[in-house]
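In case you want the letters, here they are:
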Amino acid sequence: MKKNITLLIGVFLLTISFGFGQAKKPTLMVVPSDVWCNQNGYMLAYNNQGTIVKVPDYKRAFQENAEVLQVISQINGIMADRGFPLKNMESAIKTLESNAAEDNMRASKDTGSGVSESPIDALKKVAKADIIMQLTWTINRTGPKKSITFNLQGLDAYTDKQVATATGTGAPSFSAEVPVLLSEAVLSHMDNFTGSLQTHFDDMFQNGREIIVRIQKWDDWDGDLETEYGDEELGVVIEDWLAENTVKGRFNTTDMTEDMALFEQVRIPLFNDKGRAIDARRFVKGLSKKLKSEPYSIPNKLVMKGLGRATIILGGK
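Here is what the cut-offs are and how they apply
- Residues numbered from 1 in each chain as written.
- Predicted model: local features only at pLDDT ≥ 70, side-chain atom pairs only at ≥ 80, totals over all residues.
- Heavy atoms only, no water.
- Helix = DSSP H or I, 4+ residues; strand = E, 2+ residues; numbered from the N terminus.
- Contact = heavy atoms within 4.5 Å.
- Buried < 20%, exposed > 50% of the residue type's maximum accessible area, 1.4 Å probe, protein only.
- Pairing = 2+ DSSP bridges.
- Axes fitted to C-alpha atoms, helices over the stretch in contact; angles between N-to-C directions.
- Left-handed = near helix turned anticlockwise from the far one by under 90°.
- Nonpolar A, V, L, I, M, F, W, Y, C, P; charged D, E, K, R; others polar.
- Salt bridge = Lys/Arg side-chain N within 4 Å of Asp/Glu carboxyl O.
- Phe/Tyr/Trp six-rings, centres within 6.5 Å; stacked < 30°, edge-to-face > 60°.
- Expected span 1.5 Å × (residues − 1).
- Polar contact = N/O pair within 3.5 Å; in protein donor to acceptor, adjacent residues only side chain to side chain.

Caption draft 1: A look at the side chain of Arg-267. Take Arg-267: it is sitting in strand β11 (residues 261-268). Aside from chain neighbours lying at most four places away, what touches Arg-267 is Asp-203, Met-204, Asn-207, Gly-208, Arg-209, Glu-210, Thr-246, Val-247 and Arg-250.

This is how it looks when you write it as structure tokens:
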């Protein structure tokens, strides 16, 4: 009898262990925060359709500040010990440079203009991480002792919403290096931090990843969202497609006029039937193809902004 009970308990525990072992975890990438980059002079400016925008210069930070590499490697190690897959930021930057060289040679067929994309959006697209871990750290000195204050934010790469946070100050030390001080300061907070990350990812796995979909039209197109196809207006056709293809039919129609529509909190699957990751572009591509096909035959252009915003412009490429 005891053997049977022991065997049953063993099987039960093995089943639990196997179940947790199979749980999918979010893919992460650790980056120095905008605040840290600005405080340490690692910023660059780019022209966003006539507006000068300042963004972190990650490449120069990695090349000129050895502390950045050491600190990020330390956080990477802590997360890897907890079973969270990581994207290497240095590798992502190198891939980004290669892509940028190709984009510089690419131009619009109609206007000759180049590709417009913010550096951080481009980095996210290359890394394809679920969560961006934004890290800020400050070294405090009191006489011969030094300590480190840190702020770690987990941001959803698609929506930029904060989904986890950890902040604190480590114990003072006479001789410890910055990466060691950071590790000691962070360790006591990591269980709650990773727990929040996993809860957010579990919600995405069950209820879908959140994106924004916008519908617009070119000025010279003679149709609009109130144009009827059969018994339905085009705007209703688009809503019906979203209801059929989103996870549990979850989305909000934030605004709709004859010329535009805005859908927020659009929940898309993380993976398709073959287990491949689905992003906003791949998901909205399905709607774009539907509108191009019969009976609608509407030429349209799909435009992406970051990982989580997709716009379909009706009436032409």
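Caption draft 2: View of the pairing of β11. By the criterion of burial, β11 is predominantly enclosed, with six of the eight residues buried. Bridge analysis of strand β7 (residues 209-217) against β11 gives six bridges, and the strand direction is antiparallel. Across the sheet, Val-213 pairs through a bridge with Phe-263, a residue of β11. Note: strand β10 (residues 252-256) against β11, four bridges, orientation antiparallel. Considered in β11, the bridge of Asn-252 is made with Glu-264. Counted along the chain from β10 to the antiparallel partner β11, the turn is four residues long.

Caption draft 3: View of the packing of helix α4 (residues 66-81) against helix α7 (residues 178-187). Direction vectors running N to C along α4 and α7 enclose 35 degrees, while the axes themselves pass 9 Å from each other. You can see that α4 and α7 cross each other, and the crossing is right-handed. Of the residues in α7, those in contact with Glu-67, Gln-70, Val-71, Gln-74, Ile-75 and Ile-78 of α4 are Val-178, Pro-179, Leu-182, Ser-183, Val-186 and Leu-187. Considering only residue class, the contact of α4 with α7 consists of eight nonpolar, three polar and one charged.

Caption draft 4: How the structure looks around the pairing of strand β6 (residues 162-169). When strand β5 (residues 145-156) meets β6, the two strands line up antiparallel, connected through seven bridges. From the neighbouring strand, Leu-155 faces β6, where its bridge partner is Gln-162.

Caption draft 5: Spotlight on the pattern of salt bridges. On inspection of all chains with the given rule, the structure shows six salt bridges. Of the charged contacts, one joins Asp-57 and Arg-60 as a salt bridge, the two residues approaching to 3.5 Å between their closest N and O atoms. Exposure remark for Asp-57: the relative accessible area of 14% places this residue in the buried category. For Arg-60, a relative accessible area of 26% translates into the label partly exposed. Among the ionic pairs, Asp-203 bridges to Arg-267, the shortest N-O distance being 3.3 Å. With Asp-203 in helix α8 (residues 190-207) and Arg-267 in strand β11, this residue pair connects regions lying 64 residues apart in the sequence.

Caption draft 6: Examining the sheet that holds strand β12 (residues 300-305) more closely. Spatial ordering of the open sheet is given by β10-β11-β7-β13-β12, a layout of five strands whose pairing is mixed. The sheet is open, and its two edges are formed by β10 and β12, each paired on a single side. In this sheet, neighbouring strand axes are inclined to one another by 20 degrees on average, regardless of whether the strands run parallel or antiparallel. Running over the sheet, helix α9 (residues 234-245) touches β7, β10, β11 and β13 (309-314) and is turned about 10 degrees from β11.

Caption draft 7: Just the packing of aromatic side chains, in detail. Summed over the entire model, instances satisfying the criterion amount to six aromatic pairs. When the centroid spacing of 5.2 Å and the interplanar angle of 55 degrees are considered together, the rings of Trp-241 and Phe-283 count as tilted. Of the two residues, Trp-241 is situated in helix α9 and Phe-283 in helix α10 (residues 280-292); the sequence distance between them amounts to 42 residues. By relative accessible area, which is 10% here, Trp-241 ends up buried.

Caption draft 8: Structural view of α4. Relative to the 22 Å expected for 16 residues at 1.5 Å per residue, α4 spans 23 Å between its end C-alpha atoms, a close match to the ideal helical length. N-capping of α4 is provided by Asn-65, with a side-chain oxygen placed 3.0 Å from the backbone N of Glu-67. One or two positions beyond α4, positive phi appears at Gly-83, with a value near 80 degrees.

Caption draft 9: Unusual backbone geometry, seen in detail. Residues Glu-294 and Pro-295 are joined by a peptide bond in cis, for which omega reads 5 degrees. Considering the arrangement of structural elements, one finds Pro-295 in the loop between α10 and β12. Even without being a glycine, Lys-248 presents a positive backbone phi close to 60 degrees. Here Lys-248 lies in the loop between α9 and β10. One non-glycine residue, Ser-297, lies in the positive phi region at around 50 degrees.

Caption draft 10: Spotlight on α10. Along its 13 residues, α10 runs 18 Å from first to last C-alpha, staying within 8% of the 18 Å computed at 1.5 Å per residue. All of the buried residues along α10 are Ala-280, Phe-283, Val-284, Leu-287, Ser-288 and Leu-291.

Caption draft 11: Molecular detail of the sheet that holds strand β1 (residues 28-32). Spatial ordering of the open sheet is given by β1-β4-β5-β6, a layout of four strands whose pairing is mixed. Bordering the open sheet on either side are β1 and β6, each of which pairs with just one other strand. Recorded for the sheet is a direction-independent mean angle of 20 degrees between the axes of neighbouring strands. Summarising the sheet, β1 and strand β4 (residues 131-142) pair through five bridges and their orientation is parallel. Each bridged residue has a counterpart across the sheet, and for Leu-28 the counterpart in β4 is Ile-131. Contacting β4, β5 and β6, α7 crosses the sheet at an angle of about 60 degrees to β5. Against the sheet, α8 engages β1, β4, β5 and β6, with an angle of about 175 degrees to β6.

This is a description of form; function is not addressed.
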